[in-house]
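Observations on the three-dimensional arrangement
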Amino acid sequence: MITPAPIQPGATIAVISPASAPKPAKLNRGIQYLRSKGFKVKEGSNLRSKNKYLTGRGPEQLADIHGAFEDDEVDLIICSRGGYGTPRFLDDLDYELIAQHPKFFIGYSDI
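Reference entry: report on the structure contained in this document. For every chain, the first residue of the written sequence is number 1, and numbering continues from 1 along that sequence. Local features in this predicted model are restricted to residues whose pLDDT is 70 or higher, and side-chain atom pairs enter the listing and the counts only when it is 80 or higher, whereas totals over whole chains, interfaces and linings include all residues. Heavy atoms throughout the structure, all of them, feed into the side-chain values; hydrogens and water do not.

Details of helix H2 (residues 59-70)
One turn of an α-helix holds 3.6 residues; hence residues three or four places apart share an orientation. Note the following rule: Under the scheme used here, helices are H or I runs from DSSP no shorter than 4 residues and strands are E runs no shorter than 2 residues, and both carry numbers assigned from the N terminus. Helices are assigned an expected span. That span is 1.5 Å times one less than the residue count. Type-normalised accessible area, obtained with a 1.4 Å probe on protein chains alone, sets the label of each residue: buried when under 20%, exposed when over 50%, and partly exposed for intermediate values.
Here H2 spans 16 Å end to end across twelve residues, near enough to the 16 Å set by a 1.5 Å rise per residue. Taken as a whole, H2 has its buried residues at Gln61, Leu62, Asp64, Ile65, His66, Ala68 and Phe69.

See below:
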């Protein structure tokens, strides 16, 4: 198992939405909270998209996952919420890319 370095204030957190769409007010509160604790926040390009109850259409969501792992400025990835939608990515994840850029990946439910 590859264990990333511990996260400290000043670290950069990518917030992405590979599952259900977050409620904007809750998302904004969460991002403000992370910033108030001294973290830099990068929003996934698909974070605020909406496609019915999901964010985007598969390829965009998968690109946000890969982009967050590939970005060497990002120390930690937090998924804005769980919900339906993520198991469909299992066969398309670039596991080699993820192994080359180890970081904590936090989420719940399908995540």
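Anyway, onward from the coordinates.
Details of the pairing of strand E1 (residues 12-16)
What counts here: Strands are treated as partners if at least two bridges between them are detected by DSSP. Here, the term right-handed applies to a crossover whose path from the first strand over the helix to the second runs clockwise when the strands point away from the viewer.
Most of E1 sits out of view: five of its five residues are buried. Of the two faces of E1, the one holding Thr12, Ala14 and Ile16 and the one holding Ile13 and Val15 are both buried throughout. Sheet topology note: the E1/strand E2 (residues 40-43) ladder contains four bridges and is parallel. Looking at E2, one finds that Ala14 is bridged to Lys42. In terms of handedness, the path from E1 via helix H1 (residues 24-36) over to E2 forms a crossover that is right-handed.

Overview of the pattern of salt bridges
Here is the rule: For this analysis, a salt bridge means a side-chain nitrogen from Lys or Arg found within 4 Å of a carboxyl oxygen belonging to Asp or Glu.
For the structure on display, the rule yields three salt bridges. Two residues, Glu73 and Lys42, come together in a salt bridge whose shortest N-O distance is 2.9 Å. Remark: Lys42 occurs in strand E2 and Glu73 occurs in the loop between H2 and strand E3 (76-79); sequence separation between them is 31 residues. Here Arg48 ties to Glu43 by a salt bridge, and the two come within 2.9 Å at their closest N and O atoms. For Arg48, a relative accessible area of 45% puts it in the partly exposed group. Given a relative accessible area of 36%, Glu43 falls into the partly exposed group. In the salt-bridge network here, residues are joined through shared partners; they are Lys42, Asp71 and Glu73.

What to know about the pairing of E3
Walk down a regular strand and you will see the side chains alternate between the two sheet faces. By the bridge criterion, four bridges tie E1 to E3 in an arrangement that is parallel. For Ile13, the partnering residue across the bridge sits in E3 and is Leu76. In this sheet, strand E4 (residues 104-106) lies alongside E3 in parallel orientation, the contact comprising three bridges. Looking at the pairing, Leu76 lines up with Phe104 of E4.

Brief notes about the sheet that holds E4
What counts is decided by this rule: Think of each axis as a best-fit line through the C-alpha atoms, taken over the contacting stretch in the case of a helix, with angles from 0 to 180 degrees between the N-to-C directions. Residues count as neighbours in contact if any of their non-hydrogen atoms are within 4.5 Å of one another.
Strands sit in the order E2-E1-E3-E4 across an open sheet of four strands; the sheet is parallel. Among the strands making up the open sheet, the edge pair consists of E2 and E4. On average, adjacent strands in this sheet sit at an angle of 25° to one another, irrespective of strand direction. Running at roughly 175° to E1, H2 makes contact with E1, E3 and E4 of the sheet.

What to know about the nonpolar core
Definition in use: Definition used in this section: a nonpolar core is a set of buried Ala, Val, Leu, Ile, Met, Phe, Trp, Tyr and Cys residues joined via side-chain atoms within 4.5 Å.
Counting residues in each nonpolar core, the largest one holds twelve residues, listed as Ala14, Ile16, Leu62, Ile65, Ala68, Phe69, Val74, Ile77, Cys79, Phe89, Leu93 and Ile98. Elements represented by at least two residues in this core include exactly E1, H2 and E3. Other than its neighbours up to four places away in sequence, Phe69 contacts Ile77, Ile98, His101, Lys103 and Phe105. In this structure, Ile13, Val15, Ile31 and Leu76 belong to the second largest nonpolar core, which totals ten residues.

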